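# A structural walkthrough
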Amino acid sequence: MYEEQLSKALSVEGLSQQDIEGALETPKEPKLGDICLPCFKFARAMRLAPPVIAAKLLPYAQEQEFVDRAEVAGGYLNIFFNRAVIADKIKEVALSGNRAGSGKEGEGKTICIDYSSVNIAKPFHIGHLSTTVIGGALYRIFEHLGYKVVGINHLGDWGTQFGKLIVATRKWSSLGEVEKNDEYFLNSLYVRYHKEAEKNPALDDEARAWFKRIEDGDGEATQYFDVFKQVTMKAVGKIYDRLRIKFDSYAGESFYNDKMDSCLDILREKNLLVESDGAQVVMLDEYDMPPCLLVKADGATLYATRDIAAAYYRKRMYDFEKCLYVVAYQQNLHFKQLFQVLKLMDFAGAKDMEHIAFGMVSMEDGAMSTRNGRVIWLKDVLDKAVEKAAAIIDEKNPNIKDKAAIAESVGVGAVVFSALFNNRIKDIVFSFDKVLNFDGETSPYLQYTYARCASALRKGGEPDCSAMDVSAITDDEGYEVIKSVLSFGDSVRQAAKLREPCCVSRHIIDLAEKFNRFYIGHRIIVDDAAVRNARLLLTKATANVIRTGLCLLGIDAPEEM
Ligand code: ARG
């Protein structure tokens with residue numbers, strides 16, 4: 001909070017605003033100030049001892065209206081804010097509704113986010129959780145800052161698996177049966193196919209032949225293709241609804257069938273395409289990477305070819321500022337190759353492509369594997385979390401109304417939050433008990449704290465912001481809540497800058513902890529009208545920030561729990 005103003009004010013004596021902004025810290029203990037500037041880094045360049053530098057800067061800090069006082073302590077300049085000035089600002093947050101921490105810096109800029117990007121004919125498994133919810137959270141975070149965001153589900157709807165499914169459907173089922181059934185039925189055909197093909201490799205020739213018919217636009221083959229896609233999309237759509245996820249475009253791999261030739265032409269014009277064993281590749285050894293395969297010997301295009309076409313299409317359609325790909329780190333090489341090829345092609349958006357990588361999710365009771373049935377379907381995880389949430393709610397608050405809806409919000413929220421609480425790249429071991437712990441760093445804890453705020457506001461009534469004297473909050477606990485409420489916007493901006501939703505999730509956990517400390521130490525509904533009003537206002541601002549934060553993450557905030 002106030003980093004920008006302070007770094008401007010302290011950029012004197014040859015120090016740049018950037019130097020200062022990079023050095024400002026939050027002291028470990030509140031009694032050392034609200035913010036501090038360690039001056040050790042500047043000693044060499046300024047040829048002065050750190051305490052001397054701190055002393056030189058002190059008057060510039062002291063001048064600020066939001067600063068109460070500043071102190072030199074060793075090589076540090078410790079700065080204490082003026083509590084009354086600061087506290088007054090929470091009125092705005094109390095009135096901000098769901099706009100807490102929002103901004104306008106993105107206005108006029110477009111960001112494309114490619115996330116979830118499921119593969120057709122495969123049910124949604126736990127491995128798809130992170131891309132889906134990280135992408136969804138980044139979508140809302142950028143939107144909150146005024147960006148125009150285009151959410152793209154780059155469907156995996158092309159490839160030989162369709163030929164395999166046609167063979168399986170014809171041998172062991174029928175199109176009508178597939179149409180009537182769900183995605184699990186479709187998957188069982190796929191699993192059976194793989195078992196049988198091990199014994200009978202001739203099936204693969206049949207499958208290839210069917211896929212060729214899809215490629216050639218054959219009517220019968222296309223009919224199968226459409227049904228597979230429809231069954232998958234229906235199932236996936238239900239999951240997206242539960243996860244509060246939406247997309248602006250479902251242009252997937254098949255969409256680029258007729259858009260790759262022009263890209264291959266560019267590659268040829270620039271002499272980038274080399275023949276290798278009949279296939280066409282772009283050599284990348286100069287960049288320490290294996291060649292990027294774009295056309296197979298039989299003329300078939302690949303995943304990377306489609307991604308090149310997609311990049312051009314997105315630039316043309318949306319004129320993006322940035323194009324983000326929220327995809328697991330296993331695809332690091334793919335994206336490095338893709339971005340390098342695009343650079344070589346002089347693609348206009350090449351420098352604005354970013355791979356937003358993340359780690360793996362595994363279950364507590366063992367590794368998860370997509371092969372041979374050891375797959376954990378996301379629907380099962382959500383259902384189980386909701387069931388467990390229902391049991392906990394039943395115990396805590398048996399007479400609550402809308403129990404089922406609340407259990408859904410709590411259970412699904414807990415799963416979503418588990419993928420958004422750590423830095424993206426960390427692998428996660430999923431545990432139901434951990435994510436549903438009402439006293440842990442979890443979304444049930446946040447929801448519970450929000451419901452606690454909502455209940456206090458129902459009992460105490462809405463605070464009167466105009467008649468508000470926030471200086472009635474003089475205690476340290478309340479002041480910590482105020483600072484956390486006011487710095488929420490910084491965390492939203494940080495989340496956007498680093499493409500890390502955890503900046504938001506960690507902020508609201510921190511706020512909830514601070515609020516609960518305040519709540520335990522101080523009654524909100526007291527007789528003194530000024531104090532009551534101030535505390536209600538603080539409660540209202542806290543509620544707004546927690547609810548907005550949860551909403552950015554894609555998690556509901558029930559009013560009661
Ligand atoms: N469908 C792919 C997979 O499941 C992810 C696609 C990511 N997006 C992209 N443009 N390559 O691995």
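This text follows the structure it describes.
The paragraphs below set out a description of the structure included in this document. This structure is a prediction, so every number in the text was calculated from the model and none was measured. (Residues numbered from 1 in each chain as written. Predicted model: local features only at pLDDT ≥ 70, side-chain atom pairs only at ≥ 80, totals over all residues. Heavy atoms only, no water.)

So, about the overall build of the chain. Counting its regular elements, the chain contains 23 helices and twelve strands. Judged by the C-alpha coordinates and their principal axes, the chain covers about 80 × 65 × 40 Å. The buried share of the chain, reckoned over its 561 residues, is 55%. By sequence separation, contacts in the chain at least 24 residues apart represent 73% of the contacts at least 6 residues apart. For the chain, the computed accessible surface area is about 25,400 Å², with 48% contributed by carbon and sulfur atoms. On the chain, the mean spot of the 71 positive side-chain charges and the mean spot of the 81 negative ones are 1 Å from each other. (Helix = DSSP H or I, 4+ residues; strand = E, 2+ residues; numbered from the N terminus. Buried < 20%, exposed > 50% of the residue type's maximum accessible area, 1.4 Å probe, protein only. Contact = heavy atoms within 4.5 Å. Areas by Shrake-Rupley, 256 points an atom, 1.4 Å probe, with all protein chains shown as cover. Lys, Arg positive; Asp, Glu negative; His and termini not counted. Charge placed at Lys NZ, Arg CZ, Asp CG, Glu CD.)

Pairing in this open sheet of four strands is parallel, and the strands run β5-β4-β9-β10 from one edge to the other. Because the sheet does not close on itself, it has two edges, and the strands there are β5 (148–152) and β10 (353–356). Put simply, the sheet's adjacent strands are angled 20 degrees from each other on average, direction ignored. When strand β4 (residues 110–114) meets β5, the two strands line up parallel, connected through five bridges. Each residue of the ladder has a partner; that of threonine 110, found in β5, is lysine 148. (Pairing = 2+ DSSP bridges. Axes fitted to C-alpha atoms, helices over the stretch in contact; angles between N-to-C directions.)

Attention now goes to the state of the cysteines. One pass over the full model with this rule turns up zero disulfides. Distance from the sulfur of cysteine 263, which forms no disulfide, to the nearest cysteine sulfur (cysteine 292) is 12 Å. Looking at the unpaired cysteine 551, the closest cysteine sulfur is the one in cysteine 453, lying at 16 Å. (Disulfide = S-S within 2.5 Å.)

Along the chain, phenylalanine 347 turns up in the loop between α15 (332–344) and β10. Put simply, phenylalanine 347 and isoleucine 266 are 81 residues apart on the chain and 9.8 Å apart in space, counted from C-alpha to C-alpha. When sequence neighbours within four positions are dropped, the list of residues in contact with phenylalanine 347 reads Ala311, Tyr312, Lys315, Phe320, Leu342 and Met353.

Here the focus is the pattern of salt bridges. If the charged atoms of two oppositely charged side chains come close together, the side chains can form a pair. Across all of its chains, the model carries 35 salt bridges by this definition. Residue arginine 242 pairs with glutamate 408 through a salt bridge whose shortest N-O separation is 2.8 Å. Of this pair, arginine 242 sits in helix α12 (residues 219–243) while glutamate 408 is found in helix α17 (residues 403–418), placing the two residues 166 residues apart along the sequence. Salt bridges sharing partners connect three or more residues here, namely Asp34, Glu480, Lys483, Asp510 and Lys514. (Salt bridge = Lys/Arg side-chain N within 4 Å of Asp/Glu carboxyl O.)

Before going further, it helps to spend a moment on the site of the ligand. Taken together, Asp114, Ser117, Asn119, His154, Tyr303, Asp307, Tyr325, Val327, Gln331 and Phe335 form the complete shell of residues around the ligand. Here a nitrogen atom of the ligand sits 2.7 Å away from a polar atom, N or O, in the side chain of tyrosine 303. Looking at side-chain class alone, the shell around the ligand contains four nonpolar, four polar and two charged residues. (Near = heavy atom within 4 Å. Polar contact = N/O pair within 3.5 Å; in protein donor to acceptor, adjacent residues only side chain to side chain. Nonpolar A, V, L, I, M, F, W, Y, C, P; charged D, E, K, R; others polar.)

What follows concerns the packing of helix α13 (residues 261–269) against helix α14 (residues 303–318). At their nearest, the axes of α13 and α14 sit 9 Å apart, and the two run at 95 degrees to each other. In terms of axis orientation, α13 runs roughly perpendicular to α14. Counting all contacts with α13, which are made through Cys263, Leu264 and Ile266, the residues of α14 involved are Thr305, Ile308, Ala309 and Tyr312. Across the contact of α13 with α14, the residue classes tally to six nonpolar, one polar and no charged. (Parallel < 35°, antiparallel > 145°, perpendicular 65-115°, else oblique.)

With that settled, the discussion passes to the sheet that holds strand β7 (residues 279–282). Sheet architecture is open: three strands sit in the order β6-β7-β8, paired in antiparallel fashion. The open sheet terminates on both sides in strands that have one partner only, identified here as β6 (273–276) and β8 (292–295). Geometrically, the sheet is characterised by an average inter-axis angle of 45 degrees between neighbouring strands, direction not taken into account. Across three bridges, β7 lies against β8 in antiparallel orientation. What sits directly across from glutamine 280, in β8, is valine 295.

Here arginine 47, not a glycine, exhibits a phi torsion of approximately 55 degrees, which is positive. Relative to the elements of secondary structure, arginine 47 occurs in the loop between α3 (43–46) and α4 (50–62). In this structure, aspartate 402 takes a positive phi of about 60 degrees despite not being glycine. Tracing the backbone shows aspartate 402 in the loop between α16 (378–396) and α17.

A separate point is the pairing of β10. With four bridges joining them, strand β9 (residues 322–326) and β10 adopt parallel strand pairing. Note that in β10 the partner of valine 326 across the bridge is isoleucine 356. The β-α-β motif built from β9, the intervening α15 and the parallel element β10 has right-handed crossover chirality. (Right-handed = clockwise from strand over helix to strand, strands pointing away.)

In short, geometric facts, not functional conclusions.
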